[in-house]
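# Structure assessment
For reference, the chains in residue letters:
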Amino acid sequence: MADPKGFLKYERVEPPKRPKEHRAEDWREVYADLEPAERDQQVRTQATRCMDCGIPFCHSAGSGCPLGNLIPEWNDLVRRGDWAAASDRLHATNNFPEFTGKLCPAPCEAGCTLSISPLSGGPVAIKRVEATIAEKSWELGLAQPQVAEVASGQRVAVVGSGPAGLAAAQQLTRAGHDVTIFERDDRLGGLLRYGIPEFKMEKKHLDKRLAQLKKEGTQFVTGCEVGVDITVEELRARYDAVVLAVGALRGRDDTTTPGRELRGIHLAMEHLVPANKQCEGDGPSPIHAHGKHVVIIGGGDTGADSYGTAIRQGAASVTQLDQYPMPPATRDDDRSPWPTWPYVLRTYPAHEEGGERKFGVAVRRFVGDENGHVRAIELQRVKVVKDPETGRREVLPVSDEIEEIPADLVLFAIGFEGVEHMRLLDDLGIRLTRRGTISCGPDWQTEAPGVFVCGDAHRGASLVVWAIAEGRSVAHAVDAYLTGASDLPAPVHPTALPLAVV
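A quick note: this is a predicted structure, and the numbers were derived from the prediction, not measured. (Residues numbered from 1 in each chain as written. Predicted model: local features only at pLDDT ≥ 70, side-chain atom pairs only at ≥ 80, totals over all residues. Heavy atoms only, no water.)

### Let's talk about the environment of Ala469
Take Ala469: it is sitting in helix α17 (residues 464–483). C-alpha of Ala469 to C-alpha of Gly251: the two residues are 218 residues apart in sequence and 24 Å apart in space. Sequence-distant contacts of Ala469, that is, excluding residues within four places in its chain, are made with Pro66, Leu67, Pro491 and Val492. (Helix = DSSP H or I, 4+ residues; strand = E, 2+ residues; numbered from the N terminus. Contact = heavy atoms within 4.5 Å.)

This is the structure we're talking about:
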């Protein structure tokens, strides 16, 4: 069993980063490359901090990992140096552990028993252990294609090649179905390809998994928008079931702020996508931060991605705005008690590389120059209040003082409003919910018979770990729909939600 005193013997140690002045000059991942022996020893020590709790909240879908990753089991296997067995246990619940090990914000660590008190030294470094197991899986040749022994004769179309679509496709292919993924972009991966910057996850990791899927028999069609390049009637005629994994890419905008019509103001994804395409070798991005004063409105993951991208593009300055006050440095047990996701200040590696963040402020208006291009932003101190009856939030000024800051490029990173409007849904007769998502029944089937949904398209913009969990679950549902029963895992129910304080 695990060492019950491991967390008393060893401190939590984060993976080392490359010097910030070096990493801001290239697009490589921010974390340093350690010698394999040193990396393995460090990670084995971190895994030793796991206590193998009697009730492991880390892999509870409500408070920890929705995939149900068997975290105490592979922590102990890593502690003992049994990387092959650890890889088996990790891949038993997660198709793409390098994606989650690099991109997931780790609700498992928030649910770790060692997160109850800061006196423990912090939670087990689960994310670091997971990422290293994934690396060892490739180094030791353990991540081999799994080709189905028997073909079902059933054909499935998956629309969208993000993490949810890829997970669903891999599970269904391994179950013996003939699966084709349709992707409207020129390359596969969805947000993993064009939404996630290279410095967070180099695309070589994505390409390895895509090669694995291809060897297993999954087929891909790129540059094809279903409903336009192939009609819904053709799709339905060719395939016995359809999975919609089209994401929730309709970016939230603010058209009410005076000056929004000025040139130089964009949604964050309009900046991130061409920047990622430039990294793929597609030529210069039309929206570039070089020499500009960049202002990012919104304090989440997308904002941090734009922040780091702007720094690497050579911005003159980068300022990130958040209308909420600065969060506390440690968990407030009254507001977000363990094992819920803690409300704390989150500092991304990009924030260490330059620029500044401003909290408790909102844009009063955008100021333009004589050519109709934004040149500055007027800011005002604000507070956000919530109506106890309706739940609606309102942003109220708390001061008449106005601060003006320079701005040549403004990026809105204030979230997403749901699934984009597309002919595919119209032709299927599928209506979006009030949240802009696609609803489904307990079997993941939409109002269109034989058409299923998973990932952000169903849940709304969420975490990569939820996307993979839903992809695996919808594969179980599709397999049962086609064959009458399924042995595939189904880690989450369509109505599953993370534990929260209301």
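### Looking at the sheet that holds strand β11 (residues 393–406)
An order of β9-β10-β11 is seen for the three strands of this open sheet, with the pairing classed as antiparallel. One side of each edge strand has no neighbouring strand; the edge strands of this open sheet are β9 (361–368) and β11. Mean inter-strand twist for the sheet, computed between neighbouring axes without regard to direction, equals 25 degrees. Across ten bridges, the pairing between strand β10 (residues 374–386) and β11 is antiparallel. Across the sheet, residue Val385 finds its bridge partner in β11, namely Glu394. (Pairing = 2+ DSSP bridges. Axes fitted to C-alpha atoms, helices over the stretch in contact; angles between N-to-C directions.)

### Quick word on the UniProt feature "domain: Dihydroprymidine dehydrogenase" (unreviewed entry) in the protein
In the UniProt entry, the feature "domain: Dihydroprymidine dehydrogenase" (unreviewed entry) is given for residues 33–139. Annotation note: span residues 33–139, helix share 52%, strand share 0%, distance between end C-alpha atoms 14 Å. (UniProt positions renumbered as here; feature names shortened; annotations may be inferred.)

### Regarding the pairing of β10
Residues in a regular strand project their side chains so that they alternate between the two faces of the sheet. Sheet topology places β9 next to β10; seven bridges connect them, and they run antiparallel. Bridging across to β10, Ala362 finds its partner in Gln380. Hairpin remark: β9 followed by β10, antiparallel, with five residues in the connecting loop; positive phi at Gly372, about 80 degrees. Counting the residues between successive antiparallel strands, the hairpin from β10 to β11 contains six residues, one of them, Gly391, with a positive phi of roughly 80 degrees.

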